[in-house]
Amino acid sequence: MPEMVATRDAYGKALLKLGEINPKVVVLDADVSSSTRTANFAAKFPERFFNMGIAEANMIGAAAGLATCGKIPFASSFAIFASARCFEQIRNCVCWPRLNVKIVPSHAGISVGEDGASHQAVEDISIMRMLPNMTVIVPADGLETEQAILTAAEYDGPMYIRLGRAKFPLVSPPDYKFSIGKSYTIREGSDATCIAAGLMVFEALSAAEKLQEQGINLRVINMSTIKPIDKEAILKAAEETGAIVTAEEHTIIGGLGSAVAEVLVEEKPVPMKRIGMPDRFGLSGPPRKLLEKFNMSDADIARAVLEVMGRKKL
Amino acid sequence: MSLSISELEERANEVRQHIINMLAEAGSGHPGGSLSCADIVTTLYFNIMRHRPEEPKWPDRDRFVLSKGHAVPTVYACLAMSGYFPVSELKTIRKMGSRLQGHPDMNMTPGLEMSTGSLGMGLSVSVGMALAGKIDKLPYRVFVVLGDGEIQEGQNWEAAMSAAHYRLDNLCAFLDYNKLQIDGRVEDIMGIEPLIDKWKAFGWHTLEIDGHNIGQIIKAAEEAKETKGKPTMIIAHTIKGKGVSFMEGVVGFHGVAPSKEEAEKALAELA
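An account of the accompanying structure is given in this report. (Residues numbered from 1 in each chain as written. Chains lettered and ligands numbered in written order. Predicted model: local features only at pLDDT ≥ 70, side-chain atom pairs only at ≥ 80, totals over all residues. Heavy atoms only, no water.)

On to the pattern of salt bridges. All names here are of chain A. Applying the stated rule across the entire model yields 26 salt bridges over all chains. Note that D9 is salt-bridged to R37, the shortest N-O span being 2.4 Å. With a gap of 28 residues between them, D9 in helix α1 (residues 7-21) and R37 in the loop between α2 (33-36) and α3 (39-44) connect regions that are remote in the sequence. Note on R37: relative accessible area 22%, which makes it partly exposed. For E307, the salt bridge identified is with K273, shortest N-O distance 3.8 Å. Separated by 34 residues along the polypeptide, E307 in helix α13 (residues 298-310) and K273 in strand β14 (residues 272-277) bring together distant segments of the chain. We classify E307 as partly exposed; its relative accessible area is 36%. Beyond isolated ion pairs, a larger network of salt bridges with shared partners links E188, R219, K236 and E240. (Salt bridge = Lys/Arg side-chain N within 4 Å of Asp/Glu carboxyl O. Helix = DSSP H or I, 4+ residues; strand = E, 2+ residues; numbered from the N terminus. Buried < 20%, exposed > 50% of the residue type's maximum accessible area, 1.4 Å probe, protein only.)

With that out of the way, let us pick up the sheet that holds strand β11 (residues 218-222) of chain A. All names here are of chain A. Read across the open sheet, the 5 strands follow the order β9-β11-β10-β13-β14; overall the sheet is mixed. Each end of this open sheet is capped by a strand with a single partner; those strands are β9 (184-187) and β14. Direction aside, the axes of adjacent strands within the sheet are offset by 25 degrees on average. As paired strands, strand β13 (residues 244-251) and β14 are joined by 5 bridges and run parallel to one another. Its bridge partner being in β14, I244 is matched across the sheet by M272. Sheet strands in contact with helix α10 (residues 231-241) are β10 (192-196), β11 and β13, and its direction is about 175 degrees off that of β11. (Pairing = 2+ DSSP bridges. Axes fitted to C-alpha atoms, helices over the stretch in contact; angles between N-to-C directions. Contact = heavy atoms within 4.5 Å.)

Set out below in structure tokens:
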């Protein structure tokens, strides 16, 4: 079993590194710093950390103000509040003026688990992706998270980097190099492709192993940058494998699946299926059971692959 | 080069003429709230604030945020008269291809510090600017003009808490209390009184002035600068449409531009 790391833990560590190497980095949180792991930064760099209390809208506005003065603010909360509650603040105070604000929420998706529907952000990719000037990143594991956070500080512009609460296995190779807008083919395959993001990359790899037993070679792409999406890799996968399944820990409306579908429909339609949260709210439960309940597990991905392969034109 | 109060009054009158000309030319926009804050904004740009039109990104410059972004004609006039761009450009406001958008766009207009227009957000941004000044120990001050109807937005009170919590004495807010909003009188739509008590309770140093009295505006800003450990809120009593008799206190001139005839009449009064 590979090492288990929560992406939020990797964020906490990456911020400590950034604090050392980049004096412009400041961090804001909305009373959940022990959960988002920004508390590590707060302890080491108290003069550059601002707890804004349970007031996310003001946190985003203040982050925008800090950015106008040359700071590189990282603003964290839980994904549901950092995206949905602050949508218009992000639109009008961050994206429209294209300010250098990094919104890095934790607790995204249903893997939040027992806290239930109110805290399970399954809409955030969709609403962040539609904003002009916004870059949306969903790291697959701790290794990629650390690199994405360090890269974010070097990139000038708004970013949304979606992190999770649950510990999940590392999927990236030790020599992996993250780059904005570049997907990573984590497993080669010729019969179909699963384009996944976040912890669903692990599910996709697990599905690929199951399918291998049946003699099916599934390509698995880690599409960690949802916007701007790696069109080239999508079209190449469509061309070479002829069928595509997307997998995301997010509603199937507007997220990764939709982004991939937009590319395919306009340029190279192939049989496709979206695995993700159906059009409903979540429930309390352990992450693994929730993935199974909402048909988002490795077994569901494997079934979807067989289905799209069956729809390929002979 | 410090202007006398009567010279500042002349400037404010010139700003008002620009406002009328801009809005008549554009055929749309917000005269009432632009005129009500004209004396405050003019005094900020030509007396209170330290800024360099020839060096707009001077790190030590005072910051200005117009949270009530719809009053931007007032700021455009002050920026042009300060030399950030030619006065002749004012007539392009709200037109296709203009650098002077209907609401402030910091990436298009030289001298603008922040894009605003959606009410309730400017105070939070000002808090961020003031925090940055504290981190870097820079001497600049942050000035923000809020509308009275605008403070019905809850985000202002989140921002108010945070400004007091972080003891942002480099932050000075003016509340343009003209008593009217789009749908009618503020007290009828959603009452905001007792205003002074509210800001005091939120930990701010508070002052109440006549927002058309330039001497009082200057004195209040000086008191704010001397106040340590807390932000300052200056409640400025104003008249919506101030300076144009048929616009004063008229709700209908919130978001309706004057016709050519009305503009001529207004300009005659301001001449």
